[in-house]
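Listed here are the chains, written in short residue letters.
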Amino acid sequence: MSSKRIFVLNGHPAAQSLTGSLAESYANAARKAGHQVRLTQLHDLQFDMDYGFGGYERQKPLEPELEQFLTDLEWAEHVVVATPMWWGGLPAKLKGLFDRALLPGRTFDTRNTTLLGLPAPLLIGKTGRILLLSDTPGWVFRLFYRDALAVQLRRQILEFVGIKPAKVSTFSGTSHPKDGLVARWQSRVAKMGALGL
C-alpha cells in the first residue's frame, strides 16, 4: 500500500468530544501505517465565522488559520471531516469555516462551468471520508430525513470543490452509546485510517 497525504478535520467546536476521539483514532492509525497526516482541531481555530460584508467581488481577508486550512486541503490527497449533526445541520463554527474558506478562485471557478452548469471544482484529484455522528437512529436519518446532512457534506460541499468520491460513515446514538460501542467505533475508524480510506 502506498503512503497518502491525509488531512483530518475534527469539526466539533469543543476541546473534548466523541467526534474528536474518532478523528484522532483515524489520524493515529493512519500515521502508524505510514501515511503523512495533518490533523486540525476546529476548536483551536480563531476566525470570524460570519461572511459579513463579504461577497465574491469584495471578499473578507482570510485569517492565518483559514489560510492554513486551505493549504492543508490543497496538500492532501485524502480529506477526512469528522462532525456531529446538530439540529439536522453542521455546528455553526464548522459551517462558518466552510463559508469563509471555500471561496471562488481557490476551491472552485465561477468563470468555468461543468456540463451541469456548476462552477468548475479546483480541488480535484482528492478523495474524501465523512465521519458523521448523531443521536438519530440510522433508519430515521435515511427514511425521514433522506440523509440530508450527509448529502450536503458529500455533494454540496466536498464534491462541489472536487473532493470525490467522498464516502460517508455514520455513527448513531452517540449521546449515550451502549457499553463497548465507542471502542468498536474507534476500531472501525482506525481500520479506515490505516488503509487511508
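Above this note sits the structure.
Please read all numbers here as calculations on a predicted model, not as lab measurements.

A. How the structure looks around the sheet that holds strand 2 (residues 36-41). Read from one edge to the other, the open sheet built from five strands follows the order 2-1-3-6-7, with strand pairing classed as parallel. Every interior strand has two partners, whereas the edge strands, strand 2 and strand 7 (163-172), have only one. When strand polarity is set aside, the average angle formed by the axes of neighbouring strands in this sheet is 15°. Bridge analysis of strand 6 (residues 126-134) against strand 7 gives eight bridges, and the strand direction is parallel. If you follow Ile130 over to strand 7, its bridge partner there is Val168. Packing against the sheet, helix 5 (residues 148-158) makes contact with strand 3 (78-84), strand 6 and strand 7, and its axis sits at approximately 155° to strand 6.

B. Highlighting the pairing of strand 4 (residues 108-113). As defined by bridge partners, strand 4 adjoins strand 5 (residues 119-121) across three bridges and the pair is classed as antiparallel. Paired with Phe108 across the strands is Pro121, a residue of strand 5. As consecutive antiparallel partners, strand 4 and strand 5 are separated by five residues, and within that stretch Gly117 has a phi angle of approximately 90°, a positive value.

C. Quick look at the environment of Thr19. As for its position among the elements, Thr19 is in helix 1 (residues 18-32). Residue Thr19 is classed as buried on the basis of its relative accessible area of 2%. As a C-alpha pair, Thr19 and Met192 span 173 residues in sequence and 15 Å in three-dimensional space.

Rules behind the numbers
- Per-chain numbering applies: the sequence of each chain, read as written, is numbered from 1 onward.
- Confidence filtering applies because this is a predicted model: local features only for residues at pLDDT of at least 70, side-chain atom pairs given and counted only at 80 or more, and all residues used for totals across whole chains, interfaces and linings.
- Each side-chain value is worked out from all heavy atoms of the structure, with water and hydrogens disregarded.
- Strand pairing requires that DSSP identify at least two bridges connecting the strands.
- The numbering of helices and of strands both runs from the N terminus, where a helix is a DSSP run of H or I of at least 4 residues and a strand a run of E of at least 2.
- Note on geometry: axes are lines fitted to C-alpha atoms, helical ones only across the stretch in contact, with angles between N-to-C directions running from 0 to 180 degrees.
- By the convention used here, residues are in contact when the closest approach between their heavy atoms is within 4.5 Å.
- When accessible area is computed with a 1.4 Å probe and restricted to protein chains, residues below 20% of their type maximum are described as buried, those above 50% as exposed, and intermediate ones as partly exposed.

Honestly, it's all geometry; don't read function into it.
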